[in-house]
Number of protein chains: 2
Amino acid sequence: MKPKYIAIAAITLDGKIAKDKKHLSNWTSREDKIFMRALLDKCDVIIVGNNTYKTAKGPLSKRNCIVFSRSVNKLISKSVKLVYCNPKKVDVKKLIRDRGYKRIAILGGAQTYSYCLKNKMLDELYLTIEPLVFGSGINLFDECILDKKSRPTEILKKFWRVKLISIKKLNRKGSLLLHYNRDQK
Amino acid sequence: MKPKYIAIAAITLDGKIAKDKKHLSNWTSREDKIFMRALLDKCDVIIVGNNTYKTAKGPLSKRNCIVFSRSVNKLISKSVKLVYCNPKKVDVKKLIRDRGYKRIAILGGAQTYSYCLKNKMLDELYLTIEPLVFGSGINLFDECILDKKSRPTEILKKFWRVKLISIKKLNRKGSLLLHYNRDQK
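Throughout what follows, the structure given in this document is the object of discussion. (Residues numbered from 1 in each chain as written. Chains lettered and ligands numbered in written order. Predicted model: local features only at pLDDT ≥ 70, side-chain atom pairs only at ≥ 80, totals over all residues. Heavy atoms only, no water.)

**Notes on the interface of chain B and chain A**
- Across the contact, 37 residues belong to chain B and 37 residues belong to chain A.
- Carbon and sulfur atoms make up 65% of the surface buried where chain B meets chain A, a total of about 3,300 Å² over both sides.
- If you look at where chain B meets chain A, you find zero salt bridges.
- In this structure, the connection of chain B to chain A is made through four residue pairs in polar contact (both at pLDDT 80 or more).
- When contributions to the side of chain B that touches chain A are tallied by element, the ones reaching two or more residues are strand 8 (124-130), strand 9 (132-133), helix 6 (152-157), strand 11 (160-169) and strand 12 (176-182) of chain B.
- At seven residues, strand 11 of chain B tops the list of elements feeding residues into the side of chain B that touches chain A.
- Looking at the side of chain B that touches chain A residue by residue, the class counts come to 23 nonpolar, five polar and nine charged.
- Alignment of strand 11 (residues 160-169) of chain A against strand 9 of chain B, held across two bridges, turns out to be antiparallel. Note on strand 9 of chain B: the bridge partner recorded for W160 of chain A is V133 of chain B. (Contact = heavy atoms within 4.5 Å. Buried area = accessible area lost by both parts, 1.4 Å probe. Salt bridge = Lys/Arg side-chain N within 4 Å of Asp/Glu carboxyl O. Polar contact = N/O pair within 3.5 Å; in protein donor to acceptor, adjacent residues only side chain to side chain. Helix = DSSP H or I, 4+ residues; strand = E, 2+ residues; numbered from the N terminus. Nonpolar A, V, L, I, M, F, W, Y, C, P; charged D, E, K, R; others polar. Pairing = 2+ DSSP bridges.)

**Considerations on the packing of aromatic side chains**
- Applying the stated rule across the entire model yields eight aromatic pairs over all chains.
- Ring plane angle 50° and centroid distance 5.3 Å describe the contact between F35 of chain A and Y126 of chain A, whose orientation is recorded as tilted. With F35 of chain A in helix 1 (residues 30-41) and Y126 of chain A in strand 8 (residues 124-130), the pair connects residues that are 91 residues apart, well separated along the chain.
- Since its relative accessible area comes to 17%, F35 of chain A is described here as buried.
- Pairing Y53 of chain B with Y84 of chain B gives two aromatic rings, centres 6.3 Å apart and planes at 80°, and the pair type is edge-to-face. In this pair, Y53 of chain B sits in helix 2 (residues 50-55) while Y84 of chain B sits in strand 6 (residues 82-85), placing the two residues 31 residues apart along the sequence.
- Note on Y53 of chain B: relative accessible area 3%, which makes it buried.
- The class of Y84 of chain B is buried, set by a relative accessible area of 12%. (Phe/Tyr/Trp six-rings, centres within 6.5 Å; stacked < 30°, edge-to-face > 60°. Buried < 20%, exposed > 50% of the residue type's maximum accessible area, 1.4 Å probe, protein only.)

**Structural notes on the sheet that holds strand 7 (residues 103-106) of chain A**
- Spatial ordering of the open sheet is given by 5(A)-6(A)-4(A)-3(A)-7(A)-1(A)-8(A)-12(A)-11(A)-9(B), a layout of ten strands whose pairing is mixed. With partners counted over all chains shown, the strands left at the sheet margins are strand 5 (75-77) of chain A together with strand 9 of chain B, one partner each.
- Pairing geometry for strand 8 of chain A and strand 12 (residues 176-182) of chain A, over six bridges, is antiparallel. Among the inter-strand pairings, T128 of chain A is bridged to a residue of strand 12 of chain A, identified as L177 of chain A.

**Observations concerning the relation of the copies chain B and chain A**
- It takes a turn of 180° to lay chain B on chain A, together with a shift of 0.0 Å along the axis; the resulting RMSD is 0.0 Å. The superposition operator between the copies reduces to a two-fold rotation axis. The position closest to the rotation axis in chain B is occupied by the C-alpha of G15 of chain B, lying 2.1 Å away.
- Taken together, the interface assignments show that 100% of the residues at the interface of chain B recur at the interface of chain A, consistent with an identical surface on both copies. (Least-squares fit on C-alpha atoms with pLDDT ≥ 70 in both.)

**Overview of the pattern of salt bridges**
Residue and element names in this part refer to chain A.
- Tallied over the entire structure, the rule returns six salt bridges over all chains.
- Note that D41 is salt-bridged to R63, the shortest N-O span being 2.9 Å. Placement of D41 in helix 1 and of R63 in the loop between helix 3 (57-60) and strand 4 (65-68) is noted, with a sequence separation of 22 residues between them.
- Given a relative accessible area of 56%, D41 falls into the exposed group.

**Topic: the side chain of D32 of chain A**
Residue and element names in this part refer to chain A.
- For D32, the location among the structural elements is in helix 1.
- Comment: no salt bridge for buried D32; closest opposite-charge side chain is K33, at 6.3 Å.
- Setting aside chain neighbours within four positions, we find D32 in contact with A10, T128, E130 and L170. (Lys, Arg positive; Asp, Glu negative; His and termini not counted.)

Following this line, the structure appears as structure tokens:
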């Protein structure tokens with residue numbers, strides 16, 4: 001069985017995952033948090049960027065985590081559960097295979113989602129759309145940060161086609177949970 | 001009866017309305033186009049930015065249009081149906097009132113949606129989410145362009161709360177039509 005990479009993200013109507021780097025995820029609905037915890041329980045490990053990890057250190061410390069960081073050299077095992085890894089210097093897919101992880105949750109932020117999108121490590125996407133507008137902020141994908149060499153035009157050519165599997169209305173105000181699969185066609 | 005401002009937009013999963021300024025709306029689904037035409041039939045006038053107008057001149061020429069452009073001085077009536085208007089120099093709400101328009105469709109692009117968001121000219125939003133990812137491109141809102149003086153931080157404070165009215169799955173691949181109202185609370 002090949003590892004399955006499952007991205008989990010919450011966005012506003014206008015596609016923002018946060019107002020800025022330090023913005024906590026406290027703007028998402030209670031129902032979304034309940035859903036996310038249940039899904040994380042079914043995953044073997046979480047891939048998360050260092051900024052996002054810092055905003056949710058408490059709850060994440062109980063789970064297996066691979067934290068992406070450009071400030072470490074290759075790989076640092078902090079504990080049995082916690083590994084820091086520089087995705088530019090480590091073969092992340094090999095690391096996943098070597099450790100036998102089968103279900104991998106991608107928790108963001110933008111740089112981490114983008115890294116996974118570019119490296120074909122996105123098989124499924126659970127996307128919660130909260131009924132809010134930020135107007136500006138951090139987008140779901142931010143392709144230019146991790147890899148300075150790849151220009152936007154190159155990324156534009158490789159846009160990604162997906163298939164909607166299910167829709168769930170999470171609450172009365174209308175938080176929506178959408179589940180997409182990568183389209184195999 | 002107060003005029004009702006109805007924004008109509010199609011976005012990708014990652015909140016993009018286009019890959020770039022000149023990108024046509026030919027990436028949206030057939031079902032979305034059919035829905036949009038039916039909705040425009042029920043509106044008295046369309047507010048649209050000059051770039052977006054240029055990409056859809058044919059179909060839009062049959063309808064009442066107010067085209068936003070910074071390159072005109074105040075207001076220019078090109079025909080009975082077509083008015084060019086500089087929203088920085090014209091009281092747009094007064095223009096709408098004077099002409100007796102009751103249902104106003106906002107067709108974008110980003111600068112026009114943002115202008116309407118900032119000026120409380122967004123009562124409803126029909127948002128189609130197409131099952132695609134562009135990775136980068138033009139966001140739904142782009143608040144910094146029309147008004148150079150307003151800094152992002154000021155905009156961030158005024159994020160907009162809405163209520164989901166309905167969900168419709170438009171086709172098999174999963175284009176979703178979401179209908180939101182401005183939350184009156």
